[in-house]
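Fold and contact review
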Amino acid sequence: MRVIAGTYRSRQLLAPRGTGTRPTSDRLRETLFNILESRAQAPRVAGCRFADLYAGTGAVGIEALSRGAAHVWFAENAAPALAAIRANLKALKIAQGFTLEDRGAGALLERMATAAQPTALLDLVYLDPPWEADAEYAATLHLLGSARGRQVLASGALVVAEHSSKSPLAARFGDLAQTRTLKQGDAALTFYTSEGSPRPTVGS
């Protein structure tokens, strides 16, 4: 794995051994950020507040930092993946502009929901649970689409879920409405916006 673009372009990233962690592929990560930075919409990454949920190696959040995100929240609770995130941040000499929540995605969102201030609201949320963990997808997307989710998401926030292309996600989770699904091999990216806030354009 490597960083695709930005400050840390082409730098290598570490991943835990074994099959316990399934990193987002370089190709899919490049597709994701091409969409987020497409000309069809105002660039969304530079200066944004980004959450990398079920962060694994941290590759998606590090890509966001490399492209100018103001702050990235990493949420992960698996010890090997946490070690990889810390090692990757250290290797790239990233010492600020991030928060690492080692109790997982639910803990991070609950903490932000109870203590959220305007400066801490999230502009972009990326989640990539284990593909077979249907309950994790449902719990996290339902939380983001709930009243508590509105305490975490900024106006016009975009939520993106990576999942198996063979397992489509529901069109709606509370206030979250699906706007697009992009398939790439075995993986898919599904985009959601909150109907309670201005809907951002998702580039083609």
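To be clear, the structure that these remarks concern was listed above.
Computed from a predicted model, the values in this text were never measured in an experiment.

What counts and what doesn't
- Residues numbered from 1 in each chain as written.
- Predicted model: local features only at pLDDT ≥ 70, side-chain atom pairs only at ≥ 80, totals over all residues.
- Heavy atoms only, no water.
- Helix = DSSP H or I, 4+ residues; strand = E, 2+ residues; numbered from the N terminus.
- Buried < 20%, exposed > 50% of the residue type's maximum accessible area, 1.4 Å probe, protein only.
- Areas by Shrake-Rupley, 256 points an atom, 1.4 Å probe, with all protein chains shown as cover.
- Core = buried A, V, L, I, M, F, W, Y, C linked by side-chain atoms within 4.5 Å.
- Contact = heavy atoms within 4.5 Å.
- Phe/Tyr/Trp six-rings, centres within 6.5 Å; stacked < 30°, edge-to-face > 60°.
- Salt bridge = Lys/Arg side-chain N within 4 Å of Asp/Glu carboxyl O.
- Pairing = 2+ DSSP bridges.

1. Remarks on the overall build of the chain
Helices and strands together make up the secondary structure of the chain, namely six helices and eight strands. Along the chain direction, N to C, the helices and strands of the chain fall in the order α-β-α-β-α-β-α-β-α-α-β-β-β-β. Relative to its 204 residues, the chain shows a buried fraction of 52%. Accessible surface, the chain as shown: approximately 9,400 Å² in total, 50% of it carbon and sulfur.

2. Points about the nonpolar core
Considering soluble globular proteins, one finds that nonpolar side chains tend to be buried as a cluster. Ranked by size, the top nonpolar core spans 32 residues in total, and within it L32, F33, F50 and F74 carry the most contacts. Apart from residues no more than four positions distant in its own chain, F33 is found in contact with V45, F50, V60, E63, A64 and R67.

3. Section: the packing of aromatic side chains
Here the structure, examined in full by the defined rule, presents three aromatic pairs. Ring geometry for F33 versus F50: centroids 6.3 Å apart, planes at 15°, classification stacked. One end of the pair, F33, is in helix α1 (residues 26-36); the other, F50, is in strand β1 (residues 49-53), with 17 residues separating them in the sequence. Taken as a pair, F33 and F50 share a single burial class, namely buried. With centroids separated by 5.8 Å and ring planes inclined at 70°, the aromatic side chains of F173 and Y192 adopt a geometry described as edge-to-face. Of this pair, F173 sits in strand β6 (residues 172-173) while Y192 sits in strand β8 (residues 187-194), and the two are 19 residues apart along the sequence. For F173, a relative accessible area of 6% corresponds to the buried category.

4. Points about α1
By the burial criterion, the buried members of α1 are L28, R29, T31, L32, F33, I35 and L36. Summarising the contacts, the buried residues of α1 are in contact with β1, α2 (59-66), β4 (122-127), β5 (153-164), β7 (176-184) and β8.

5. Observations concerning the pattern of salt bridges
The final tally for this structure, using the stated rule, is 10 salt bridges. Note that E63 is salt-bridged to R29, the shortest N-O span being 3.1 Å. Of this pair, E63 sits in helix α2 while R29 sits in helix α1, and the two are 34 residues apart along the sequence. Here E63 matches R29 in class, with each residue buried. Notably, a salt bridge pairs R67 with E37, separated by 2.8 Å at the nearest N-O pair.

6. Focus on the pairing of β7
As judged from the two bridges shared by β6 and β7, these two strands associate in the antiparallel manner. Along β7, the bridge assignment pairs R172 with A177. Between β6 and β7, which pair antiparallel and follow one another directly, the connecting turn spans two residues, one of which, G174, has a positive phi of 60°. One ladder, built from eight bridges, connects β7 with β8; its direction is antiparallel. Looking across to β8, one finds that T181 is bridged to T190.

7. Considerations on unusual backbone geometry
Most of the time, phi is negative for any residue but glycine, and the peptide bond is trans. Unlike most non-glycine residues, S10 shows phi in positive territory, near 75°. Within the fold, S10 resides in the segment before α1. For S10, a relative accessible area of 43% gives the class partly exposed. Positive phi values are uncommon outside glycine, yet K93 reaches one of about 60°. By secondary structure assignment, the location of K93 is in the loop between α3 (79-91) and β3 (98-101). Of the residues examined, K93 reaches a relative accessible area of 75% and is grouped as exposed.

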